[in-house]
Each structure stands twice: as C-alpha cells, then as structure tokens.
Amino acid sequence: MKKRVLSLLLAGVMLVGVLAGCGGDKGSADGAKTYNVGVSIYQFDDNFMTLYRNEIEAYFKTLETDDVKYKVTIVDGKNDMATQTNQIDTFITQKMDVIICNLVQTSSAETIIDKVVAANIPLVLINREPLGETDESYAGILENEKVCYVGADARQSGTYQGEIVRDLPNKGDMNGDGVVKYVMIEGDPENPDAQYRTEFSIKALTDAGIKVECLVDQVGNWATDKGQQIAASALTQYGTDIDVIFCNNDGMAIGAAAAIEAAGRKVGQDILLLGVDALDDCVDMIKAGTMTGTVLNDHIGQSHTAVDVAIKALKGESIDNYYWVDYVKVDASYVNK
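What you are looking at is a predicted structure, and each value in this text was computed from that prediction instead of being measured.

Definitions and cut-offs
- Residues numbered from 1 in each chain as written.
- Predicted model: local features only at pLDDT ≥ 70, side-chain atom pairs only at ≥ 80, totals over all residues.
- Heavy atoms only, no water.
- Phe/Tyr/Trp six-rings, centres within 6.5 Å; stacked < 30°, edge-to-face > 60°.
- Helix = DSSP H or I, 4+ residues; strand = E, 2+ residues; numbered from the N terminus.
- Buried < 20%, exposed > 50% of the residue type's maximum accessible area, 1.4 Å probe, protein only.
- Salt bridge = Lys/Arg side-chain N within 4 Å of Asp/Glu carboxyl O.
- Core = buried A, V, L, I, M, F, W, Y, C linked by side-chain atoms within 4.5 Å.

(A) Summary view of the packing of aromatic side chains. Enumeration according to the criterion identifies eight aromatic pairs in this entry. Measuring from ring centre to ring centre gives 6.4 Å for Tyr149 and Tyr322, while their planes differ by 65 degrees; the resulting arrangement is edge-to-face. Residue Tyr149 is found in strand β5 (residues 147–151), and its partner Tyr322 is found in strand β11 (residues 322–324); the two are separated by 173 residues along the sequence. Exposure class is identical for Tyr149 and Tyr322. Each is buried. Between Tyr322 and Trp324 the ring centres are 5.7 Å apart and the planes differ by 15 degrees, which places this aromatic pair in the stacked class.

(B) Seen up close, unusual backbone geometry. One non-glycine residue, Asn79, adopts positive backbone phi at about 55 degrees. With a relative accessible area of 38%, Asn79 lands in the partly exposed category.

(C) View of the pattern of salt bridges. By the definition in use, this model includes twelve salt bridges. For Glu163, the salt bridge goes to Lys329, with nearest N and O atoms at 2.8 Å. Of the two residues, Glu163 is situated in helix α5 (residues 154–166) and Lys329 in strand β12 (residues 328–331); the sequence distance between them amounts to 166 residues. In this structure Lys329 comes out as partly exposed when scored by relative accessible area, which is 25%. For Asp177, the salt bridge goes to Lys181, with nearest N and O atoms at 3.3 Å. By relative accessible area, which is 37% here, Asp177 ends up partly exposed. Here the residues in one salt-bridge network are Glu163, Arg166, Asp167 and Lys329, joined through shared partners.

(D) Up close: the nonpolar core. Counting residues in hydrophobic clusters, the biggest one holds 77 residues, and the most contacted among them are Phe60, Ile126, Ile245 and Leu273. Residue contributions to this core peak at seven residues, all from helix α10 (residues 299–314). Formed by 13 residues, the second largest nonpolar core is a distinct cluster that contains Ile164, Val165, Ile202 and Val244.

Now the structure itself:
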C-alpha cells in the first residue's frame, strides 16, 4: 500500500511538471510574468536601425515591473528576405507572444503577415511601410485586428528635403544658370521610403515653379561607401553643373560629403547636400556648414510607439492598423536655435 501511495504521489508531481511545461509558462523565477518578444531588423549594419533597435530593447526594459518582464530577442535579417522569413518561422515555432518586424522587402509583407496571423501572434511592422493604406494593389493588407504598421510618412521627409532647398535665397540654383541640377542617391529601390523621398523632394521644387534637371539618379542601398562612390563619379562627370546632391538617408549623405570635399567643392558656397535621419554626425555637419540639411526620422518616437502598441496587443487591447510619427525639418536655422 505504501509503495502504491508513493507511486501515485510521484505520478502527480510528474503531471504537474508536464502541465507547467505546456503552453509556454510565462512565470519567471521571481514570480513575474514574462512575455517573449521577437524582433527582426532588416539589417544590423544600418545607422538608423541600430539606434532604433537599441531603443526598442532599452524602452522595453524601462517598462518592466516586479510583476511583468519582457524577454526581447533581436535578430539580424542581413538584408536577405529568405533569412528574415526563416527568422519569423523560428519566432512562430518558439511561440513568441508578439513579433516586431522591420521588413527586408515590403513586397513580402503579405507573406509574413499571413504566417504570423495564422499563428495567432500579434505583429507590429515598423519603419518600412507595406503600402497598404495608399496603394490599391496592397488594399486590405493590414486589415487585421492583431496587425499594424508604425512609421513615418516618407512623403513628408522628401517634401521637407525639397522645402529646405526651396526656401534658400537662391532656391537651390547655386551656379545661377536658372535650373536646379541635381544628383539623386537612392536607398533600396524596392523600399517605399526611398521611392517617396526621391519623388517628393523634387516635387516640392517643381510645385514651387522651380526648374529642375536630374543629372544622376542611382541606387546607393543606404550605404555610406556607395553614397561616396556615386557622388564622386557624378562630380567627376558633371563638376560645377551640380547644384544639389539629394540622399535618401544620412549614411549616404556622409559618403557624399567626403566626395564633395575631395572634389574641392564647398557645401553652402557652390553646392548643397541633403539627407534624412538627423544622425548626430549630420547635425554636427549642419552646424559646421558642411551639410545643408536633413530630416529628423524620430527613432525614439517610432520605437516607443512600436513597443507601446506591442504591449497593448499583448494585453488583448484593440490596436489601430496605422500609427504615424512626424518627421522634423533640420537645417541651419533649426540647429542654431
């Protein structure tokens, strides 16, 4: 009889252990409830997204309490969609409580959304707009109660670049020939941010009645070295005909600045240089007069909004499909306030 009682007790203990292991126990050693958060960033080797992902992790930490903890796993998509898709599959297998994704390719948004929705996991897309709100071909892509996009409207960033040039006394015509001749250094051509920044920076000029001419339009893939190469080649080919170099991000603008200096040109005197992101280095360059302007892509506002929305979804609260964070125009007047 004693042996039977002992066997029953042991079986009971084993059953409790099995039940505790099923369904993903959220309890930590100190009794707090722990939520698992999977974050996939398109590429760690990106100045802006480095700031963004670090802030995501830091902000989650500030929101922890004695009762609630967040285990944040951040992975590098390595700018490869197959790699990122595998990461999302792994997050699903690991039964993450929420997934935050900075897409490598926005054209793959629907595939990623379908996977995560099928797993009944909330999904927060960040930084790279999947075009659902503005492009009919993507209509309804985010129409799910557990899916949303957090970002800034790239049309605004492009418009602000153009307005910085438009509002100068010479309206960007640095050599006085009556036409603003420009070089455009684009990011990823598939990325809507790159497309909109390219289009709307020039639209701000033409809408103001300013004559423009594109001398060079090439893809720099957000990289500093590519920005330098494209700018150097353009400066060699067109010399003082170039009035403005527009860059879709500050990383490429930093490269272009090096090319401008090497060519013996002077920003603000005979050429203009624009970027986007308002990286600290570029704000310092504007103060020093070696860059004309940039646009603040608010990584703190965006990352905090993404985390706040993710936590709302974790709690089962309703979320919107879109959350917008405004850009800020950054030029000499701004940095010298």
